[in-house]
Amino acid sequence: MSLDQTTDWSSSELMATVLAGELHDGEVAIMGTGSAIPQASCRLAQLTHAPNFSYIAGGTCSVNPYQQPLVASACDYRLLRAETAVPLTDVVLMEGRGDVFDIFFAGGIQIDVYGNCNLVAVGSWNHPHPRGPGSVGLPFLSRVGRTLIYTMSHNRRTFVEKVDFRSGPGFLEGPVSWREAGLMGGGPAMVVTPLCAMTFNPETLRMRIASLHPGVELQQVVDATGFEIEIEEPVPNTAPPSPEQLDILRAMDPDGLLR
Amino acid sequence: MSLDQTTDWSSSELMATVLAGELHDGEVAIMGTGSAIPQASCRLAQLTHAPNFSYIAGGTCSVNPYQQPLVASACDYRLLRAETAVPLTDVVLMEGRGDVFDIFFAGGIQIDVYGNCNLVAVGSWNHPHPRGPGSVGLPFLSRVGRTLIYTMSHNRRTFVEKVDFRSGPGFLEGPVSWREAGLMGGGPAMVVTPLCAMTFNPETLRMRIASLHPGVELQQVVDATGFEIEIEEPVPNTAPPSPEQLDILRAMDPDGLLR
Amino acid sequence: MGASKIVPISDAISSIVEDGSFVAVGGMHLHNNPMALVREIIRQGRRIGKLLTSPCGAMNADLLLGAGLVDELVTSYVGFEHLGLAPNFRRLAEQGSIRILECDEPYITHGLYAGAGGLPFIPLPRGLEYSDIPKVNPESYAYAEDPFSGERVLVGAPLSPEVALLHAQLSDAQGNAVLLGAHFLDRSMALASKHVILQVERIVSTEEISSHPMGTTIPAFLVDAVVLAAGGCHPTSSHAFYTYDEEHLRQYLAMARDERGTDEYLTRYVHQTTEALYSQSTTDRISGLRYEGSLEERGR
Amino acid sequence: MGASKIVPISDAISSIVEDGSFVAVGGMHLHNNPMALVREIIRQGRRIGKLLTSPCGAMNADLLLGAGLVDELVTSYVGFEHLGLAPNFRRLAEQGSIRILECDEPYITHGLYAGAGGLPFIPLPRGLEYSDIPKVNPESYAYAEDPFSGERVLVGAPLSPEVALLHAQLSDAQGNAVLLGAHFLDRSMALASKHVILQVERIVSTEEISSHPMGTTIPAFLVDAVVLAAGGCHPTSSHAFYTYDEEHLRQYLAMARDERGTDEYLTRYVHQTTEALYSQSTTDRISGLRYEGSLEERGR
């Protein structure tokens, strides 16, 4: 990722900061593949406002990795520079128990207006194009406190009215189906992209713009989103990372994965 | 246990030797509580005729404990002086898989003519007398290659026509029920007591005397057994431990648990 | 990094164990029984609605039973191995004055797995239905149809205790705990229980925990309270630290033959003492019970 | 004490992996993929009836797919993380020329538990039925009635592979194996599979294994063959030994964009070489990939 022209922090750094703001002291989070941004956000939260926040790096299943340094792969051995580690089989149990993890970081090759994620197939499952890598633990979104969705791709291919294949449940098909399902999980809470942060209208359960990242125009988001996104004007600007936050992020990221 | 008056080895040592003779090279055995005799038999087999025999001490779940020294408790920390160890949860899985363990060492407060064992209750389950400690893993007898039963109590309270409570399945209620059940386990293979070794008639599936321990009269066994035991005369004598076997047993048993 | 969870033992019990709750007690046979926590429960007279043991309960269950604090017992064994039967368990069972949910080891193990993983129920291997256990415990065992084969199979209900009482050899102040030696079902209980109270031999730094990240660990976020209880498994063993006190256990077995003796034992070793005093009074005995040449390191 | 199970890699594959069998392949993402065994399977042209990956397959699955040796794939993910999609998996899936048993991580994990434990099937936590996965995979997923609640619940079929191909960092000659670093689902695969072939970085003495009895271990009696394969995970990582070879992986991803490039890759790195030669040719690269300041000890 290249540096933003008009600022001295990158999109990924901003996204990590925004996500960190969603993490509260005492909570426990879990994440999977491709997770440098959530890893950074968790460690950042721990080192700032949430010292009792815990997180598991879903591949190695290390608990509170020190991010010395931040790594690109979810299963990297260096993630075991951590408070401790547990077996993967235990993490799957804890995900299923449903009251252990407050936060699940998710993503998708498609994300729809109700926050459903698709990591499996665009088009029909039998003849997909593209075929995605697969769901891993995303079906557990139905049993987690709340889901934080992040993606580097804010475009009309990713943000669609309805996912072609639901691999990670969001608010399903909207308020009626969500209510009928009576799931124990709280559903998606936020979506963060390089353009903006989005939350969900508690009535319609549809995605709405929460804040525009510095330098992004509202129309850019509307144009890049494949469904009619809810807007409540005036839309605030996303707070940029503070100098302290940037110092922390850069100290854990000598390889510049977030730059 | 005191030394047999007429020999220089104890009942327990003889029983360990007899059991060792049932263990074949390459097999894997599992045992639970109160297991000094089977532990000794397994280690003896390894150090003599069965170097590729393996066994798990069911409490600590240590694999091939070195018996340095033999201990009385199935969960003793010193059992971890072993080739290696696995979690208890893994052992329960392997017991259930059914093709991992060739041998399960069992016992009971009652053992019946078909080799069913009872560790739970004499009399009715609601008003037992005595109440036994409980079954632990004995129901797995239905899924193991073969069961070796041992007990220090050869009397009419222990050896009964039918157990009051079946906690470890033997040949159930005999040939018909055994055939109908179609269990994957091979059923009980041998019963060893301080008086004799017994096997099962392959037709009737009832217990029969296989060999009388040195110095024991046939009538003693008949009198001490609460069901009509099958006898095919002449009944051979149990081979006593060899000097080599005794040397090995005593080297691993400085505390004299088998004496 | 996080806040310390080290609390006095009385606070741990009074604030976390509610009257009537479903409690799992760790350890197995004569080993790693969290006796300090058990004694404190008795001192506080906390009723246990349902008590779950590992496949093999011992002193941990028998003392609570003797104190008359257990309504229902979920177990596959309570005994003292080569030392004899469990006297209070036996007496109450023979009198019919304790409700027993009779179980076997596979159900307890798989039931905790189901509880930990949020599985609605857990099928058991075919063949287990040939013991009489399921017949006397319809609360825990039932039959379901296997949709793949169409066969009727024995299944178990999930085990989801409200509190697990566990002993760990080492823990940091936040509750990252290391079980040296055998793990029995202690980690399973931690995973399946809503709350975990740990008694520990020794508090260590988080750096010490981190230095063996794959050492068997209960992560801090599962742990509600950490109680320092050196020697706290006495008279049972604490793996890698000390073996069981056979003389004391035999004394217990002799005293607990009847209710009066049990009461005397409880008065002397529980009610008339505190854990601090108990620990002081057993320091010398425990010194004599240390494993010869034991390396704490070995246990990992 | 027992007989050595160390065999040449060609014998391990030819004598244990039967054509058409159900094979589990260990490792996860770019780590601990048993690539030496995978390459040898390709050299011998063994057809795999069904291939199971850990929740996250990578090069281990993609190369076998590229070699055209897989009939059915049981997986919840095949990809190269931040490096990109799995090119052969993607191409075959988009062409419809591979049968995919679409799964999720909970099913693969619990399904292996069921396979290991002889459980006839395995209920899954409520809520998982809200993904579309069960709809497209009726072979692995079905619905059963929970006899305790009366509810209809999603369940999975047990996973019982015939052979597991696994990488362990250390093993003795008999197959007592230690996984340093993360374990992923490798131990689950060993427990659930009828046969286990281990490739190992280093053969150690049984005394070395015994010195940490609780170190994460696959016991020898589950293991059929031990193959010495130092560097045998290349181009993926072997925890505690070396990291993944990003340059080589990127080269693979570039070449494998089409069938011809995949064939070229296979010719150069598989068919025209042996594991001994492959290992020789990568020794220097692997030296450059060693973890900084890694302590093998740490991984336990």
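Residues numbered from 1 in each chain as written. Chains lettered and ligands numbered in written order. Predicted model: local features only at pLDDT ≥ 70, side-chain atom pairs only at ≥ 80, totals over all residues. Heavy atoms only, no water.

## Observations regarding the overall build of chain C
If you tally the helices and strands in chain C, you get eleven helices and twelve strands. If you line up chain C on its principal axes, its C-alpha atoms span 60 × 50 × 35 Å. Scored against the burial criterion, the 300 residues of chain C give a buried share of 68%. In chain C, once contacts between residues fewer than 6 apart in sequence are set aside, the share between residues at least 24 apart is 77%. Summed over all atoms, the accessible surface of chain C reaches about 9100 Å², with 48% contributed by carbon and sulfur. A gap of 2 Å separates the mean positions of the 23 positive and 37 negative side-chain charges of chain C. (Helix = DSSP H or I, 4+ residues; strand = E, 2+ residues; numbered from the N terminus. Buried < 20%, exposed > 50% of the residue type's maximum accessible area, 1.4 Å probe, protein only. Contact = heavy atoms within 4.5 Å. Areas by Shrake-Rupley, 256 points an atom, 1.4 Å probe, with all protein chains shown as cover. Lys, Arg positive; Asp, Glu negative; His and termini not counted. Charge placed at Lys NZ, Arg CZ, Asp CG, Glu CD.)

## Topic: the overall build of chain A
The number of helices and strands found in chain A is six helices and 14 strands. Since a compact globule built from 259 residues should have a radius of gyration of about 18 Å, the 17 Å found for chain A is in line with a globular shape. Expressed as lengths along the three principal axes of its C-alpha atoms, the size of chain A is roughly 45 × 45 × 35 Å. Buried residues in chain A amount to 66% of all 259 residues. Summarising the internal contacts of chain A: among those between residues at least 6 apart in sequence, 66% fall at separations of at least 24. Side-chain charges of chain A comprise 16 positive and 28 negative groups, with the mean position of each set lying 6 Å from the other. (Rg over C-alpha atoms; globule rule 2.2 N^0.38 Å.)

## Here's the deal with the confidence of the model for chain C
Residues and elements named next belong to chain C. For chain C, mean pLDDT is 96; residues scoring 70 or higher make up 97% of the total. The model gives residues 295-300 a pLDDT under 50, and that stretch makes 28 contacts with residues more than four places away or in other chains. Overall fold confidence for the complex sits at a pTM of 0.98, while the interface term, ipTM, reaches 0.97. (pLDDT = per-residue confidence, 0-100.)

## Comments concerning the interface of chain A and chain C
How big an interface is tends to be stated in terms of accessible area lost as the parts join. Each partner contributes residues to the interface: chain A has 24 residues there, and chain C has 24 residues. Between chain A and chain C, roughly 2000 Å² of surface is buried when both sides are summed, and carbon and sulfur atoms account for 60% of that area. Considering only the surface of chain A that becomes buried against chain C, Glu83, Leu93 and Arg97 of chain A emerge as the three largest contributors, covering 32% of it. At the boundary of chain A with chain C, the tally comes to two salt bridges. Asp90 of chain A serves as the salt-bridge partner of Arg187 of chain C, at 2.2 Å between the closest nitrogen and oxygen. For the interface between chain A and chain C, the tally reads twelve residue pairs in polar contact (both at pLDDT 80 or more). When contributions to the side of chain A that touches chain C are tallied by element, the ones reaching two or more residues are helix H2 (36-47), strand S2 (54-57), strand S4 (82-85) and helix H3 (88-97) of chain A. If one sorts the elements of the side of chain A that touches chain C by residue count, H3 of chain A sits on top with five residues. (Buried area = accessible area lost by both parts, 1.4 Å probe. Salt bridge = Lys/Arg side-chain N within 4 Å of Asp/Glu carboxyl O. Polar contact = N/O pair within 3.5 Å; in protein donor to acceptor, adjacent residues only side chain to side chain.)

## Comments concerning the packing of helix H2 (residues 36-47) of chain B against helix H6 (residues 243-251) of chain B
All names here are of chain B. The N-to-C vectors of H2 and H6 enclose an angle of 125 degrees; their axes lie 10 Å apart at closest approach. It follows that H2 is oblique to H6 by the angle criterion. Every pair of crossing elements has a handedness; the one defined by H2 and H6 is right-handed. Between H2 and H6, the contacting residues are Ala40, Leu44 and Leu47 on the first element and Gln245, Ile248 and Leu249 on the second. Residue composition of the contact of H2 with H6, grouped by class: five nonpolar, one polar and no charged. (Axes fitted to C-alpha atoms, helices over the stretch in contact; angles between N-to-C directions. Parallel < 35°, antiparallel > 145°, perpendicular 65-115°, else oblique. Left-handed = near helix turned anticlockwise from the far one by under 90°. Nonpolar A, V, L, I, M, F, W, Y, C, P; charged D, E, K, R; others polar.)

## Quick notes on the interface of chain A and chain D
Listed per partner, the contact involves 46 residues of chain A and 48 residues of chain D. Contact with chain D buries surface across chain A, with Tyr77, Arg131 and Val136 of chain A losing the most and accounting together for 19% of the total. At the boundary of chain A with chain D, the tally comes to 19 residue pairs in polar contact (both at pLDDT 80 or more). Looking at the side of chain A that touches chain D, the elements with two or more residues in it are H3 and strand S9 (128-131) of chain A. With six residues, the top contributor of residues to the side of chain A that touches chain D is H3 of chain A. Across the side of chain A that touches chain D, the residue classes break down as 21 nonpolar, 18 polar and seven charged.

## Focus: the pairing of strand S6 (residues 141-145) of chain D
Residue and element names in this part refer to chain D. When S6 meets strand S7 (residues 152-156), the two strands line up antiparallel, connected through five bridges. In the sheet register, Tyr141 faces S7, and the bridge partner there is Gly156. Connecting S6 to the next strand, S7, in antiparallel fashion are six residues, including Gly150 with a positive phi near 80 degrees. (Pairing = 2+ DSSP bridges.)

## Observations concerning the pattern of salt bridges
One pass over the structure, following the stated rule, counts 49 salt bridges over all chains. Overlapping salt bridges, with partners in common, bring together Arg39, Glu40, Arg43 and Glu275 of chain C in one network.

## Comments concerning the sheet that holds strand S7 (residues 152-156) of chain C
Residues and elements named next belong to chain C. Read from one edge of the open sheet, three strands run S5-S7-S6, paired in antiparallel fashion. The open sheet has two edge strands with one neighbour each: strand S5 (122-123) and strand S6 (141-145). In terms of strand pairing, S5 meets S7 through two bridges, oriented antiparallel. By the bridge assignment, Ile122 is partnered in S7 with Gly156.

## Quick look at empty space enclosed by the protein
Applying the stated criterion across every chain, the model contains three cavities of 30 Å³ or more. If you add up the space inside the largest cavity, you get close to 780 Å³. Lining of the largest cavity is provided by 44 residues; of these, Pro87 of chain A, Pro87 and Thr89 of chain B, Arg187 of chain C together with Arg187 of chain D occupy positions nearest its centre. Of all elements in the fold, only H3 of chain A, helix H3 (88-97) of chain B, helix H5 (105-117) and helix H7 (186-192) of chain C together with helix H5 (105-117) and helix H7 (186-192) of chain D reach the threshold of two or more residues within the lining of the largest cavity. Residue composition of the lining of the largest cavity, by class: 23 nonpolar, 14 polar and seven charged. (1 Å grid on protein atoms, 1.4 Å probe; cavity = no way out; pocket = protein on both sides within 12 Å on 5 of 7 lines; lining within 4 Å. Points joined across faces, edges and corners; volume = space filled by probe spheres on them.)

## With respect to the packing of aromatic side chains
All names here are of chain C. Across all of its chains, the model carries 22 aromatic pairs over all chains by this definition. Look at Tyr107 and Tyr141: their rings are 5.0 Å apart centre to centre, the planes differ by 50 degrees, and that puts the pair in the tilted class. Highlighted residues: Tyr107 in helix H5 and Tyr141 in strand S6, separated in sequence by 34 residues. The same class applies to Tyr107 as to Tyr141, namely buried. Linked through ring pairs, Phe80, Tyr252, Tyr265 and Tyr269 together constitute an aromatic cluster. (Phe/Tyr/Trp six-rings, centres within 6.5 Å; stacked < 30°, edge-to-face > 60°.)

## Structural notes on the side chain of His167 of chain D
Residue and element names in this part refer to chain D. Position of His167 relative to the elements: it lies in strand S8 (residues 163-171). A distance of 2.9 Å separates a polar atom in the side chain of His167 from a polar atom in the side chain of Gln199. Within the structure, the side chain of His167 is placed 3.3 Å from the side chain of Glu201, a separation counted as a polar contact.

## Some remarks on helix H1 (residues 9-16) of chain C
Residue and element names in this part refer to chain C. Listed as buried for H1 are Ile9, Ala12, Ile13 and Ile16. Along the axis of H1, the buried positions cluster into a sector of 95 degrees, meaning they face one direction only. Against helix H2 (35-44), strand S8 (163-171), strand S10 (195-203), strand S12 (225-228) and helix H11 (275-287) lie the buried residues of H1. (Arc of directions from axis to C-beta.)

## Concerning the pairing of strand S5 (residues 103-106) of chain B
Residue and element names in this part refer to chain B. Neither face of S5 is exposed, since Ile103 and Phe105 on one face and Phe104 and Ala106 on the opposite face are all buried. Sheet topology places strand S1 (residues 28-31) next to S5; two bridges connect them, and they run parallel. Of the residues in S5, the one forming a bridge with Ala29 is Ile103. For S5 and strand S10 (residues 146-150), the ladder comprises four bridges, and the chain directions are parallel. In the sheet register, Phe105 faces S10, and the bridge partner there is Leu148.

## Describing the sheet that holds strand S2 (residues 54-57) of chain B
Residue and element names in this part refer to chain B. In spatial order, the strands read S4-S3-S2-S1-S5-S10-S12-S13-S14; together these nine strands make up an open sheet with mixed pairing. Either end of the sheet is taken by a strand with one partner, and the two such strands are strand S4 (82-85) and strand S14 (207-212). The average angle at which neighbouring strand axes cross in this sheet is 25 degrees, direction not considered. Bridge count between strand S3 (residues 62-65) and S4: three bridges; the pairing is antiparallel. Looking across to S4, one finds that Pro65 is bridged to Ala82.

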